[in-house]
Amino acid sequence: QVQLVESGGGLAQAGGSLRLSCAASGSIFSINAMGWHRQAPGKQRELVAAITNDGSVINYAYSVKGRFTISRDNAKNTVFLQMNSLKPEDTAVYYCAVGTFTISRWDFGSWGQGTQVTVSS
């Protein structure tokens, strides 16, 4: 079983920045990918950014490319999401997730509790 602890959400103004962190612990030996998803009210959960353990594969949702940066600290089993140039449409609950990346497919099986990000105009 994997435990994920998220931090860093909150309120920001449009154009501002926030940094999310997620620390993983427990049975993480089979994991080779970490990522962030988000879910806005009335919308489906979507993948925002994901990264493999060695950082060789990184994916971003089109809507955040050039504004968000995902990174990780393998020594601390922690993944970060630096969010710059925030927009009101980035408002959502952000979820950390861990899983695997194989043959061009991301598969996330463990999720954090979510952290609220609210961007005011």
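Just above sits the structure.
Everything quoted here is computed from the prediction, not taken from an experiment.

A.B. asks: Sorry, what's going on with the nonpolar core here?
C.D. replies: In globular proteins that are soluble, nonpolar side chains generally tend to be buried together. Counting residues in each nonpolar core, the largest one holds 28 residues, and the members touching the most others are Trp36, Phe68, Val79, Leu81, Met83 and Tyr94. Mapped onto this core, the elements with two or more residues apiece are β1 (2-7), β3 (18-26), β4 (33-39), β5 (46-52), β7 (68-73), β8 (78-83), β9 (92-102) and β11 (115-120). Once you skip the residues sitting within four places of it in the chain, Met83 turns out to touch Gly16, Ser17, Leu18, Leu20, Arg67, Phe68, Tyr94 and Val117. Counting residues in hydrophobic clusters, the runner-up holds six residues, among them Ala33, Ala50, Phe101 and Trp106.

A.B. asks: I keep staring at the sheet that holds β1 and nothing clicks. Help me out?
C.D. replies: Spatial ordering of the open sheet is given by β1-β3-β8-β7, a layout of four strands whose pairing is antiparallel. Edge positions in the sheet fall to β1 and β7, since each has one partner strand and no second. Between one strand axis and the next, the sheet turns through 15° on average, direction left out of account.

Conventions we followed
- Residues numbered from 1 in each chain as written.
- Predicted model: local features only at pLDDT ≥ 70, side-chain atom pairs only at ≥ 80, totals over all residues.
- Heavy atoms only, no water.
- Core = buried A, V, L, I, M, F, W, Y, C linked by side-chain atoms within 4.5 Å.
- Buried < 20%, exposed > 50% of the residue type's maximum accessible area, 1.4 Å probe, protein only.
- Helix = DSSP H or I, 4+ residues; strand = E, 2+ residues; numbered from the N terminus.
- Contact = heavy atoms within 4.5 Å.
- Pairing = 2+ DSSP bridges.
- Axes fitted to C-alpha atoms, helices over the stretch in contact; angles between N-to-C directions.

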